[in-house]
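# Analysis of the macromolecular model
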Amino acid sequence: MLLRMSSLFVRTLREAPADAELPGHQALVRSGYIRRAGSGLFSWLPLGYRVLRNVERIVREEMDRIAQEVHFPALLPKEPYEATGRWEEYGDNLFRLVDRRGNDHLLGPTHEELFTLAVKDLYSSYKDLPLSLYQIQTKYRDEARPRAGLLRGREFLMKDSYSFDLDDDGLEASYQAHRDAYIATFDRLGLEYVIVSAMSGAMGGSRSEEFLCPTPVGEDTFVRSPGGYAANAEAVVTVVPDAAPIDEAPPAHVEDTPDTPTIETLVAVANDRFPREDRPWVAADTLKNVVLMLTHPDGTRTPLIIGLPGDRDVDLKRLEAHLAPAEVAPFTDADFAAHPTLVKGYIGPQVLGADSASGIRYLVDPRIVAGTRWVTGANEPGRHVFDLTCGRDFTPDGTIEAAEIRAGDPAPDGSGPLELARGIEIGHIFQLGRKYADALGLQVQDEQGKLVTVTMGSYGIGVSRAVAAIAETTVDELGLCWPAGIAPADVHLVLAGKADDIVAGAERLAAELVEAGCTVLFDDRLKERPGVKFKDAELIGVPHIVVVGKGLAEGTVEIKDRASGQRDDVGVDDAVTEIVRRVGAAR
């Protein structure tokens, strides 16, 4: 195929638009691959759409080995989502609309319900299973803060697949088949990835893993250890210390600690007025109680207090992952006024818990175990209690993984200290179990004729997100740098001159390369200077740049490797063979 820049629907930009924050996003816009259509919405122009289709082709080829492709509508009825509870659980993230007959609909954020109902409609016997189906479909989520271009938009292209099995052993086999297919897919896309344990979130289910592409611009924080442990920060399990003997703890005592509404001021006063004999007081000796307000899908609001060591802050993403679908908001002055048992800045667990004076649910960090002693609020202005002991002086309602994870924290499997990194989520696989089959009545007869509920898995790849991930991890100071097989063309042929012999030589080389099976992006613009064409070639990022210019008089053309920058002069008679060889080797 021959793509001529003189007629191609593309305009490159020298400067990035103000709303493009990340380097890859800037380069995608500047090189004419995408254009912003609205908040979180993007149009794909010819070069970008070719890249998107190349990614889609690789995903489809790997999925076709293990699943059958279907295609469901993006506009969906309300009823199946009501049956599973997700009409409410998704909250404001759903695009909802009403048709002319007054019927509620949504734009699909994901399609578990439709897949489940399709299988229920057509299959009824164990003989029909196992089954795996997939689609590549546009999804819609009303993101509160669309950002980072294609990485967090309100419309995106996704591959979602679903497995249907008779039992848990079958689910495990289907899960592993998808896991292997994902590995093959991301290897072919040229993406570095880390497989990490993850939370299931609104999807539900048990086992869950994410494929993250490590990059400093990624939105997800994950951890890994020297011994091989890897998890999304939201899924990290805290190493719980051993309980301490409660009868060895000294009695709790309340002390005056004026002007100490923060952990820092409390530690300073404690060291000044109540010094320890063994060591100074530190923030980790204090018990911080963070007051939050939860808004549930039905609109009800309930307070929640999180207790954690004073040297840690609440990680809202970790907290929200454990509290979903409820939304978390700060506790306002009006909320404090409605709960007079809470003394702002001096809250202690003595008045917390479902059965306490406040009646407010109290969850603590897993490090707060029986026998641990704390300095915390005495529920009086300017006063704190020392040696308040868990299990003797207060009993929380439960534990929650909400504290921030830090580099150096121990891995839960004992494989060494954790290191923190950032990444882009490019794939996610879940063992859903029977949540959706139960809700929608998907059952089949087993070998004994007994009805059994089907067990399911759900597996997603962000197709448009993968384009963004490749762009962000390969972009350099010159522009994009696509891997072979993903790029919009195999060769970017630059006509660097207007003389008749140069034009004729470039046209001949373009035709011969197309005849040899290459896709050629031919910059045949006669009104542009060579310098502009060279910059555009580097910005657009096709793997092999071929320049036909003054060297033609000596019988040579230049071949440049976009990734390495290496340039080689090759004889005109050998050019097609050498270019085809390089294209084939790169694939």
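Residues numbered from 1 in each chain as written. Predicted model: local features only at pLDDT ≥ 70, side-chain atom pairs only at ≥ 80, totals over all residues. Heavy atoms only, no water.

Looking only at helices and strands, the protein has 14 helices and 30 strands in total. Counting the 587 residues in the protein, one finds 52% classified as buried. By sequence separation, contacts in the protein at least 24 residues apart represent 69% of the contacts at least 6 residues apart. (Helix = DSSP H or I, 4+ residues; strand = E, 2+ residues; numbered from the N terminus. Buried < 20%, exposed > 50% of the residue type's maximum accessible area, 1.4 Å probe, protein only. Contact = heavy atoms within 4.5 Å.)

Here we take up the sheet that holds strand β7 (residues 104-107). The antiparallel open sheet is built from three strands, whose spatial order is β5-β7-β6. The open sheet is flanked by β5 (75-77) and β6 (95-98), the only strands paired with a single partner. Each neighbouring strand pair of the sheet contributes to a mean axis angle of 35 degrees, computed without reference to strand direction. Both β6 and β7 contribute to a ladder of four bridges, which runs antiparallel. In the strand pairing of β7, arginine 96 is matched with leucine 106. (Pairing = 2+ DSSP bridges. Axes fitted to C-alpha atoms, helices over the stretch in contact; angles between N-to-C directions.)

To continue, consider the packing of helix α2 (residues 46-63) against helix α6 (residues 168-188). Two elements in contact, α2 and α6, have axes whose closest approach is 9 Å; the angle formed by their N-to-C orientations is 150 degrees. The orientation of α2 relative to α6 falls into the category roughly antiparallel. The handedness of the crossing between α2 and α6 is right-handed. Contacts from Arg57, Ile58, Val59, Glu61, Glu62 and Met63 in α2 reach His178, Ala181, Tyr182, Ala184, Thr185 and Arg188 in α6. Across the contact of α2 with α6, the residue classes tally to six nonpolar, two polar and four charged. (Parallel < 35°, antiparallel > 145°, perpendicular 65-115°, else oblique. Left-handed = near helix turned anticlockwise from the far one by under 90°. Nonpolar A, V, L, I, M, F, W, Y, C, P; charged D, E, K, R; others polar.)

The three strands lie next to each other as β14-β20-β19, forming an open sheet whose pairing is antiparallel. Edge positions in the sheet fall to β14 (253-256) and β19 (373-380), since each has one partner strand and no second. Mean inter-strand twist for the sheet, computed between neighbouring axes without regard to direction, equals 30 degrees.

Before going further, it helps to spend a moment on helix α12 (residues 500-515). Over its 16 residues, α12 runs 22 Å from end to end, which matches the ideal 22 Å to within 8%, given 1.5 Å per residue. Along α12, the residues that are buried comprise Ile502, Gly505, Ala506, Leu509, Ala510 and Leu513. In a view along the axis of α12, the buried residues occupy a sector of 135 degrees, so they form one face of it. Along α12, exposed side chains directed more than 90 degrees from the buried face belong to Asp500 and Glu515. Where α12 is buried, its residues meet β1 (2-4), β26 (491-495), β27 (520-523), β28 (544-548) and α14 (572-586). At the exit of α12 stands glycine 517, carrying a positive phi of roughly 100 degrees. (Expected span 1.5 Å × (residues − 1). Arc of directions from axis to C-beta.)

Under the criterion given, the structure shown has 12 aromatic pairs. Ring geometry for tyrosine 182 against phenylalanine 211: centres 5.5 Å apart, planes inclined by 55 degrees, an arrangement best described as tilted. Pair noted here: tyrosine 182 is in helix α6 and phenylalanine 211 is in strand β11 (residues 208-214), with a separation of 29 residues, a long-range link. By the burial criterion, tyrosine 182 is buried, and phenylalanine 211 matches it. Counting every residue linked through ring pairs, the aromatic cluster contains Tyr182, Phe186, Tyr193 and Phe211. (Phe/Tyr/Trp six-rings, centres within 6.5 Å; stacked < 30°, edge-to-face > 60°.)

In the structure shown here, the tally under the stated rule is 50 salt bridges. Linking glutamate 507 and arginine 4 is a salt bridge whose minimum nitrogen-to-oxygen distance equals 2.8 Å. Linking glutamate 507 in helix α12 with arginine 4 in strand β1, this pair joins segments that are 503 residues apart in sequence. Note on glutamate 507: relative accessible area 29%, which makes it partly exposed. Here arginine 4 falls in the partly exposed class, since its relative accessible area comes to 28%. One salt bridge connects aspartate 160 with lysine 139, and the closest N-O pair in it is separated by 2.8 Å. Remark: lysine 139 occurs in strand β8 (residues 131-140) and aspartate 160 occurs in strand β9 (residues 155-165); sequence separation between them is 21 residues. (Salt bridge = Lys/Arg side-chain N within 4 Å of Asp/Glu carboxyl O.)

Right, let's get into the domain arrangement of the protein. Reports often express the size of an interface as the amount of accessible area lost when the parts come together. Annotation of the protein at the domain level lists domain 1 (49-236 + 420-472), domain 2 (246-399) and domain 3 (491-586). A C-alpha centroid distance of 38 Å is found between domain 1 and domain 2. The partner domain 2 presents seven residues to the eight residues of domain 1 that form the contact. Interface of domain 1 and domain 2: buried area, both sides summed, is about 780 Å²; carbon and sulfur atoms make up 50% of it. Interface area lost by domain 1 to domain 2 is led by Glu89, Met199 and Glu234, which between them contribute 52%. Applying the counting criterion to the domain 1 and domain 2 interface returns two salt bridges. In this structure, aspartate 220 and lysine 317 form a salt bridge, with 3.3 Å as the shortest nitrogen-oxygen distance. At the surface where domain 1 touches domain 2, the tally comes to four residue pairs in polar contact (both at pLDDT 80 or more). Across the side of domain 1 that touches domain 2, the residue classes tally to three nonpolar, no polar and five charged. (Domains from an automatic or database assignment. Buried area = accessible area lost by both parts, 1.4 Å probe. Polar contact = N/O pair within 3.5 Å; in protein donor to acceptor, adjacent residues only side chain to side chain.)

What follows covers the side chain of aspartate 335. Among the structural elements, aspartate 335 can be located in helix α9 (residues 333-338). Classification of aspartate 335 as buried rests on a relative accessible area of 8%. Setting aside residues up to four positions removed in sequence, aspartate 335 forms contacts with Met293, Arg301 and Pro330.

Ranked by size, the top nonpolar core spans 53 residues in total, and within it Tyr33, Val55, Leu189, Leu191, Trp482 and Leu521 carry the most contacts. When residues of this core are traced back to their parent elements, those giving at least two are α1 (23-30), α2, β8, α6, β11, β22 (419-433), β25 (455-462) and α11 (463-474). Split by domain, this core shows at least three residues from each of two domains, domain 1 (49-236 + 420-472) and domain 3 (491-586). Look past the residues within four positions of tryptophan 482 in its chain and what remains in contact with it is Leu28, Tyr33, Val51, Val467, Ile470, Ala471, Ala487, Pro488, Ile540, Gly541 and Pro543. Residues Leu94, Phe164, Leu442 and Met456 belong to the second largest nonpolar core, which totals 24 residues. (Core = buried A, V, L, I, M, F, W, Y, C linked by side-chain atoms within 4.5 Å.)

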